[in-house]
Amino acid sequence: MEPAVALFAASLRNFPLHTPRTAVFSPIERRFYQSGDDLAERLASHFVRPLAFDDALLELQGLGASRLVECGGGSALRSFVRATFPTERLKGFAAFAER
């Protein structure tokens, strides 16, 4: 996957990327994106970085999050949220999933 990192970052640079207008937490970065972040580079690096999604969910819950919106092409992460927190206040929603 390493060769894909530079190619994906270069492809992303063809799109206007701006600092998010709302808080966007990266479970891989384990932090919120900030002004000045090179979003193309950060997003591309996710291809080769480990993901401890359950730890990220616990961190978000500890920060007071109650709703998570999955902005990918499906609902896999939403399903994981529901399985990990079946009766908790933390709810997952898939923005682009078929209903």
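Look up: the structure comes first, before these words.
All values reported here derive from a predicted model rather than from experimental measurement. (Residues numbered from 1 in each chain as written. Predicted model: local features only at pLDDT ≥ 70, side-chain atom pairs only at ≥ 80, totals over all residues. Heavy atoms only, no water.)

Turning to helix α3 (residues 53-62), a few remarks are in order. The set of residues buried in α3 consists of F53, A56, L57 and L60. Here the buried residues of α3 occupy an arc of 100 degrees about the axis, which is enough to place them on one side. Tucked inside the fold, the buried residues of α3 contact β1 (25-26), β2 (31-32), β3 (67-70) and α4 (76-84). G64 sits one or two residues past α3 and shows a positive phi near 100 degrees. (Buried < 20%, exposed > 50% of the residue type's maximum accessible area, 1.4 Å probe, protein only. Helix = DSSP H or I, 4+ residues; strand = E, 2+ residues; numbered from the N terminus. Arc of directions from axis to C-beta. Contact = heavy atoms within 4.5 Å.)

Counted by the stated rule, this structure contains seven salt bridges. The salt bridge partner of D38 is R13, with a shortest N-O separation of 2.8 Å. Of this pair, D38 sits in the loop between β2 and α2 (39-45) while R13 is found in the loop between α1 (2-12) and β1, placing the two residues 25 residues apart along the sequence. In this structure R13 comes out as partly exposed when scored by relative accessible area, which is 45%. Between R49 and E29 there is a salt bridge, and its shortest N-O distance comes to 2.8 Å. (Salt bridge = Lys/Arg side-chain N within 4 Å of Asp/Glu carboxyl O.)

The next thing to look at is α1. By the burial criterion, the buried members of α1 are V5, A9 and L12. Seen end-on, α1 carries its buried residues on one side only, within an arc spanning 65 degrees. Along α1, the residues that are exposed and aim more than 90 degrees away from the buried face are P3, A6 and L7. Contacts made by the buried residues of α1 are with α2.

A few words now on unusual backbone geometry. Comment: phi is negative for the bulk of residues other than glycine, and the bulk of peptide bonds are trans. The phi torsion at R30 lies on the positive side, around 60 degrees, for a residue other than glycine. Summarising the element assignment, R30 is placed in the loop between β1 and β2. For R30, a relative accessible area of 33% gives the class partly exposed.

Counting across every chain of the model gives two aromatic pairs. Relative to F47, the ring of F8 has its centre 4.9 Å away and its plane inclined at 50 degrees; by these criteria the two rings are tilted. Here F47 lies in the loop between α2 and α3 and F8 lies in helix α1, a separation of 39 residues in the sequence. Taking the relative accessible area as the measure of exposure, F47 reaches 36% and is therefore partly exposed. (Phe/Tyr/Trp six-rings, centres within 6.5 Å; stacked < 30°, edge-to-face > 60°.)

Note on soluble globular proteins: their nonpolar side chains tend to be buried together. F25, F53, A56, L57, L60, A65, L68, V81 and F85 form the largest nonpolar core, which has nine residues in total. Ranked by residues supplied to this core, first place goes to α3 with four residues. Excluding residues that lie within four positions of it along the chain, A56 makes contacts with F25, P27 and R30. (Core = buried A, V, L, I, M, F, W, Y, C linked by side-chain atoms within 4.5 Å.)

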